[in-house]
Amino acid sequence: MPIPSSDWQAELASSLSAISGVDGQAARRSLMAPSAPLCDWCSNLAFSQAKERKTSPAKLAAEWAKGKKWPIFVQKVEAAGPYLNFHFSPAFWSAILSSAAGEKDWGLLPPLAIKALIEFPSVNPNKPWHVGHLRNALLGDSLARLLSSAGRTCERMDYIDDLGLQVAQSVWGEGQKAAKADASSSPFSKKLDHALGWKYVWVSKQLEKPEVETEVRALLKQMEEGHEPVASNARHLVEQCVKAQYETAFSFGIYHDVLIFESDIVRTIFGEGLKKIIDSGAAVKETSGKNAGCLVVKLQDQPGFAGMENADKILIRSDGTATYTGKDVAFTLWKFGLLQDSFLYSPLLVQPNQQTAYESSNSKSKTNSYPMPFARAQMVVNVIGAEQAYPQKVISAVMRKMGYSKEADACIHLSYEHVVLPEGRFSGRKGTWMGGENSVGFTADELLDEMRKLAVEKIKPEYSEEQKLSISQAVAVSAIRFWFLRPNAGQKITFDYEKALSFSGDSGPYIQYAYARASRILEKGREAGLLPAPPGSDYVFNEQEIGLARLLMRWPHALESAASKCQVHPIADFTLEAAGKFNEFYTTTPVLAEEVSASDKSARLMEVAAARALIGRGMDILGLPKLERM
RNA sequence: GGGCCCGUGACUCAGCCUGGAUAGAGUGCCUGCCUUCUAAGCAGGAAGUCGGGAGUUCAAAUCUCCCCGGGCCCGCCA
């Protein structure tokens, strides 16, 4: 049986090029999937050639269709008006199906020498994740899964802003005996991140008093300067809060490799990074004007900044402290391995996927801190809200100005729009993420909780309580993950779980269901002593079987395309389509029915295995839990 | 003043980068299908000025320009 080359499209292009006399590039570009299921693949090359050859596209296509030397897997070529339509041979489908069914690594792209660092979700460590943070984390997590499937090496990093004003405010709140938090309506009031969040509502009211503001500022200064015991206490509180937040992450299947604390950036790599910026000549100290005394980068000579009123960006304030931009540039230099200095790390916790998450460290008293080979990436992705596009652009521009144009190009802002309530935007500061009686579902924990309750009701009664628990958890996670990952990241998501989060149609559970169906058929096949095997050469593929095979052949390209664009949502669409194709196959094509011959049973089991492999690849990237039955 | 994102059936979204065959899904609505591998499913129907206009092209939802509507950004803040 002729095995189609994994690059069958290149083969087809080269034949088309030879037959038409058009150069290979143009031939390659003309090849595409047909918009209707008229054929397996097609070319519109005749359109562009007709003019210069002074003939009609249809005539050209008809002439080329008579060509002799098409690749062996092409069974038939026909001209459909100006289009050249290709029909592939059954042997091609057999080979496609059997490689998907049989090869363990099928659907993964070969390794590339690219390490991608993905930073997400960088939530302030003094409150629970709300649904906006969840969107960020799911995008980051799925992007890492996507890039890994597409041959890149990925590192998942979280940035912990332990020197922020919000943390200082929470630290202040912890020291107040009078601190009150009405968390009685929350089922998560005992979880530290929630407890801090509730208390923060009280703290933010106290901040209206000027003396409180002063105390908080003093506290922040001590934290920044590392005064003890304030610094250690703050660090401890932050670590405990992050661990609580990560319980939420774990429940959604979100993991990290390393957490970098802002305080550690300030105390280790920042100095060297700043020196590098100054030495490069990219930044200058202003001696006059409104930025006198500041270290600034002048960006008016950079693309995109030319027309600006004020393209000067301050890195170091006149009081000697660093702006976020200043710190971020140093941090970015470190991410690319452009600094000598680095962090020491210590294990923070072992995650449910058995991977240890490490945290940066600057404490010499910690005996278990050691160097680790984090960062040194070729590609740096920051998952950050769309409103921060400008500061992200500034970082790239400074890098470019420093002479690191390759790195500047490899700084990717994965921008996403906010999750909004029908009434307006979420705000952690105003406390609206949990305020109010009927606000259930606003935090990620509450959302999952509600979805689990809805999912339980749909589970078949024959399952045990224990099974119901694990299935409802998996279904809830898949519904939520899919709902967040399906739309383009640039689309606003209006938060309304009753309407939007569904278990049917375009949904995570729809995909899970197809996967579970496929799994059960394979299981029943095994029980009957049947294993997947390629069909005989006389096997006639029906429309649904070919539909499945057509998707399989498109997968590698779909995966690489999504990965190179750092977009997860095309995978959501593709996986949905795969589940749909399998469901069509399922309802039209009996696999284990009595009237099916033994060899056909095996052939169809192979198709089921192939479909399951394809759907499974998509689920891995989207992070949808796989159920063998549901 | 400058810049970014969004606008596609009643609703929620794909498709736009890289122009190509009757613009795809799902929800909701209407009609069928469970004695046959799981009906969280399948088949079918009604429903679309692709925000508006101009341009480029053999061909525009897709590229260019202008305009309209909605959101966001352009601090020694954090």
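Parameters at a glance
- Residues numbered from 1 in each chain as written.
- Chains lettered and ligands numbered in written order.
- Predicted model: local features only at pLDDT ≥ 70, side-chain atom pairs only at ≥ 80, totals over all residues.
- Heavy atoms only, no water.
- Pairing = 2+ DSSP bridges.
- Helix = DSSP H or I, 4+ residues; strand = E, 2+ residues; numbered from the N terminus.
- Axes fitted to C-alpha atoms, helices over the stretch in contact; angles between N-to-C directions.
- Contact = heavy atoms within 4.5 Å.
- Domains from an automatic or database assignment.
- Core = buried A, V, L, I, M, F, W, Y, C linked by side-chain atoms within 4.5 Å.
- Buried < 20%, exposed > 50% of the residue type's maximum accessible area, 1.4 Å probe, protein only.
- Phe/Tyr/Trp six-rings, centres within 6.5 Å; stacked < 30°, edge-to-face > 60°.
- Lys NZ or Arg CZ within 6 Å of the ring centre and 35° of its normal.
- pLDDT = per-residue confidence, 0-100.

### Structural notes on the sheet that holds strand β8 (residues 283-285)
Item 1. As summarised here, the arrangement of the three strands in space is β8-β9-β10, forming an open sheet in which the pairing is antiparallel. Each edge of the open sheet is held by one strand with a lone partner, namely β8 and β10 (312-316). Pairs of neighbouring strands in the sheet enclose a mean axial angle of 40°, with direction left out of account.
Item 2. Bridge count for strand β9 (residues 295-298) against β10 is four bridges, and the pairing is antiparallel. Pairing of Val 296 across the sheet is with Ile 314, part of β10.
Item 3. With respect to the sheet, helix α12 (residues 269-280) is in contact with β8, β9 and β10, its orientation differing from that of β10 by roughly 140°.

### What about the sheet that holds strand β1 (residues 31-32)?
Item 1. Reading across the sheet, the four strands line up as β1-β2-β4-β3 and stay open at both edges, with antiparallel pairing between neighbours. Each edge of the open sheet is held by one strand with a lone partner, namely β1 and β3 (74-80).
Item 2. By the bridge criterion, six bridges tie β3 to strand β4 (residues 83-88) in an arrangement that is antiparallel. Note on β4: the bridge partner recorded for Ala 80 is Tyr 83.

### Some thoughts on the domain arrangement of chain A
Item 1. Its domain assignment divides chain A into domain 1 (8-88), domain 2 (122-263 + 343-374 + 421-454), domain 3 (270-340 + 387-405) and domain 4 (508-622).
Item 2. Averaged C-alpha coordinates put domain 3 and domain 4 at centres separated by 51 Å.

### Some words on the nonpolar core
Item 1. Core analysis: the biggest nonpolar cluster contains 156 residues, and Phe 86, Phe 88, Leu 134, Leu 447 and Phe 484 have the highest contact counts within it.
Item 2. Here this core gets 12 residues from one element, more than from any other, and that element is helix α22 (residues 598-622).
Item 3. Excluding residues that lie within four positions of it along the chain, Leu 134 makes contacts with Trp 129, Phe 252, Ile 254, Ala 444, Leu 447, Ile 480 and Phe 484.

### Points about the packing of aromatic side chains
Item 1. Counted by the stated rule, this structure contains 26 aromatic pairs.
Item 2. Judged by centre distance (6.0 Å) and plane angle (75°), the rings of Tyr 246 and Phe 250 are edge-to-face. Separated by four residues within a single helix, Tyr 246 and Phe 250 lie in helix α10 (residues 230-251), roughly one turn from each other. Per residue, the accessibility class of Tyr 246 equals that of Phe 250, and both read buried.
Item 3. Linked through ring pairs, Tyr 159, Phe 331, Trp 334, Phe 343, Tyr 345, Tyr 358 and Phe 374 together constitute an aromatic cluster.
Item 4. Between the NZ or CZ atom of Lys 393 and the centre of the ring of Phe 305, over which it lies, the distance is 5.1 Å.

### Looking at the confidence of the model for chain A
Item 1. Confidence in the prediction for chain A averages 92 pLDDT; 95% of positions are at 70 or higher.
Item 2. Predicted confidence is poor over residues 424-441, with pLDDT under 50, and the contacts of this stretch with residues over four places away or in other chains come to 39 contacts.
Item 3. Interface scoring of the predicted complex returns ipTM 0.96; its pTM is 0.95.

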